[in-house]
Amino acid sequence: MVLRKILPALLMVSVLASFGSCNKNKAEDKEITLVMAEVNPPETIAGQMDQAFKQKVEELSGGKIKINLQCSGILGDVDSVMELMMKPNSTIQIHRMSAVNMAMYGCKKSSLLSIPFTFSSKEHFWSFANSESAKGILDEPSHIALKGLFFGEEGFRHFFSTKKIEKPADFEGLNVRGTNDKAMQGLLRGLRAKSVPVNYADVYSALQTGLIDAAEQPIANYLANHFHNIAPYMVLDGHTLGVMETVITLECWNSLSQKQQDILLEAGKYASDFCRKLSQTEEDKVKAQLVAEGATIFEVSDVKPWQDACSDVIADGAAVDFAFYKEILSYAKK
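For the structure given in this document, a descriptive report is provided here.

Rules used throughout
- Residues numbered from 1 in each chain as written.
- Predicted model: local features only at pLDDT ≥ 70, side-chain atom pairs only at ≥ 80, totals over all residues.
- Heavy atoms only, no water.
- Helix = DSSP H or I, 4+ residues; strand = E, 2+ residues; numbered from the N terminus.
- Rg over C-alpha atoms; globule rule 2.2 N^0.38 Å.
- Buried < 20%, exposed > 50% of the residue type's maximum accessible area, 1.4 Å probe, protein only.
- Contact = heavy atoms within 4.5 Å.
- Areas by Shrake-Rupley, 256 points an atom, 1.4 Å probe, with all protein chains shown as cover.
- Lys, Arg positive; Asp, Glu negative; His and termini not counted.
- Charge placed at Lys NZ, Arg CZ, Asp CG, Glu CD.
- Polar contact = N/O pair within 3.5 Å; in protein donor to acceptor, adjacent residues only side chain to side chain.
- Expected span 1.5 Å × (residues − 1).
- Core = buried A, V, L, I, M, F, W, Y, C linked by side-chain atoms within 4.5 Å.
- Pairing = 2+ DSSP bridges.

1. Description of the overall build of the protein chain
Line of reasoning, step 1. Counting secondary structure elements, the protein chain contains 15 helices and nine strands.
Line of reasoning, step 2. For 334 residues, the compact-globule estimate of 2.2 N^0.38 gives 20 Å, and the C-alpha radius of gyration of the protein chain, at 20 Å, lies within 12% of that figure.
Line of reasoning, step 3. Here the C-alpha coordinates of the protein chain stretch approximately 60 × 50 × 35 Å along the principal axes.
Line of reasoning, step 4. The proportion of buried residues among the 334 residues of the protein chain is 54%.
Line of reasoning, step 5. The contacts of the protein chain with a sequence gap of at least 6 include a subset with a gap of at least 24, amounting to 76%.
Line of reasoning, step 6. About 14900 Å² of surface is accessible on the protein chain, with carbon and sulfur atoms providing 53% of the total.
Line of reasoning, step 7. Charge centroids of the protein chain, computed over 35 positive and 41 negative side chains, lie 3 Å from each other.

Here it is, written out as structure tokens:
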């Protein structure tokens, strides 16, 4: 336990040693290093998108803007990274967040992206994400001193368990780890499951010890974190899409020149497109590997019983900004 506490501190010292400067210096020819935090392993969709962003930034800037990418939660969990980024002179400038997490920090429009069964397909999401409407979500976190750079998605999120699960009724009485946002908590109530708070880094051990029976993640993260070794049952209910938002501190953003800002935005567009293509091809490959390694994957042919189970939370979530929610839904037809 002592080593686990000391290691992140030592790694942070290393990160700081390589940190250039982003503080109020708009000289375009000055080399800067921006530190980027990622909680997932580098081989996940999120991790690969981050690497695509890093490579494109460094390519477009001719190496004058370097991205010091730290994956696998080396710089801390989401809350500890966010706490640091919302303060002046943060030593972390960029962070890949989920829309669920953004909603938990008061971003109401982001919360609409996590309402169960909002997106009918990945094409629906990307049609919205590439629209003018979506820019309002990227600009939303200014109240917490952050700015969104670009979107991504990890695929639809599904439940997995140590016990066989195929339909909503199978969740009654199960101890389930879910994010502490209204949408997820409402979904678990609708499924008659018991919500158990567990840090993401502790999900594997919580499943192993029986503290929880089930959790949920995109299928690629399910494999990358080896959850299938201890919880081999997954039901492809697709309750939400794993929408991602990459954010930068406003302090850092405002210190950059227009040219540097444009480089980050162009690299963000490249990373988004990379993510879209990767996500479309990754799931079938991952699914085949999971089955080969002994996981039991149950396909859901009719989502209506699942939608019915969480009808209350869908209605409550949409009420946050019903007009904008209807606008999001309309992109399914475009």
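2. Focus: the side chain of Ser 114
Line of reasoning, step 1. Its place among the elements puts Ser 114 in the loop between α5 (108-112) and α6 (122-129).
Line of reasoning, step 2. Within the structure, Ser 114 has its side chain in polar contact with the backbone nitrogen of Val 100 (distance 3.5 Å).
Line of reasoning, step 3. Among all residues touching Ser 114, those that are not within four sequence positions of it are Ala 99, Val 100, Ala 183 and Thr 240.

3. Regarding helix α2 (residues 45-60)
Since the α-helix turns once every 3.6 residues, residues separated by three or four places project in the same direction.
Line of reasoning, step 1. Here α2 spans 22 Å end to end across 16 residues, near enough to the 22 Å set by a 1.5 Å rise per residue.
Line of reasoning, step 2. Every buried residue of α2 is listed here: Ile 45, Ala 46, Gly 47, Met 49, Asp 50, Ala 52, Phe 53, Lys 56 and Val 57.
Line of reasoning, step 3. Remark: Gly 62 follows α2 within two positions and exhibits a positive phi of approximately 65°.

4. Notes on the nonpolar core
Line of reasoning, step 1. Phe 53, Leu 113, Phe 151, Phe 159 and Phe 171 are the most contacted members of the largest nonpolar core, which has 86 residues in total.
Line of reasoning, step 2. Counting residues per element, this core draws most heavily on helix α12 (residues 258-292), which supplies eight residues.
Line of reasoning, step 3. Each residue touching Phe 171, except ones within four places of it in the same chain, is listed here: Phe 159, Ile 165, Val 176, Leu 191, Arg 192, Ala 193, Val 235 and Trp 306.
Line of reasoning, step 4. In this structure, Val 35, Val 39, Met 82 and Met 97 belong to the second largest nonpolar core, which totals 16 residues.

5. Looking at the pairing of strand β7 (residues 214-218)
Line of reasoning, step 1. Most of β7 is tucked away: five of the five residues are buried.
Line of reasoning, step 2. Both faces of β7 are covered, namely the face carrying Ala 214, Glu 216 and Pro 218 and the face carrying Ala 215 and Gln 217.
Line of reasoning, step 3. Relative to β7, strand β4 (residues 146-161) runs antiparallel, the two sharing five bridges. From the neighbouring strand, Phe 159 faces β7, where its bridge partner is Glu 216.

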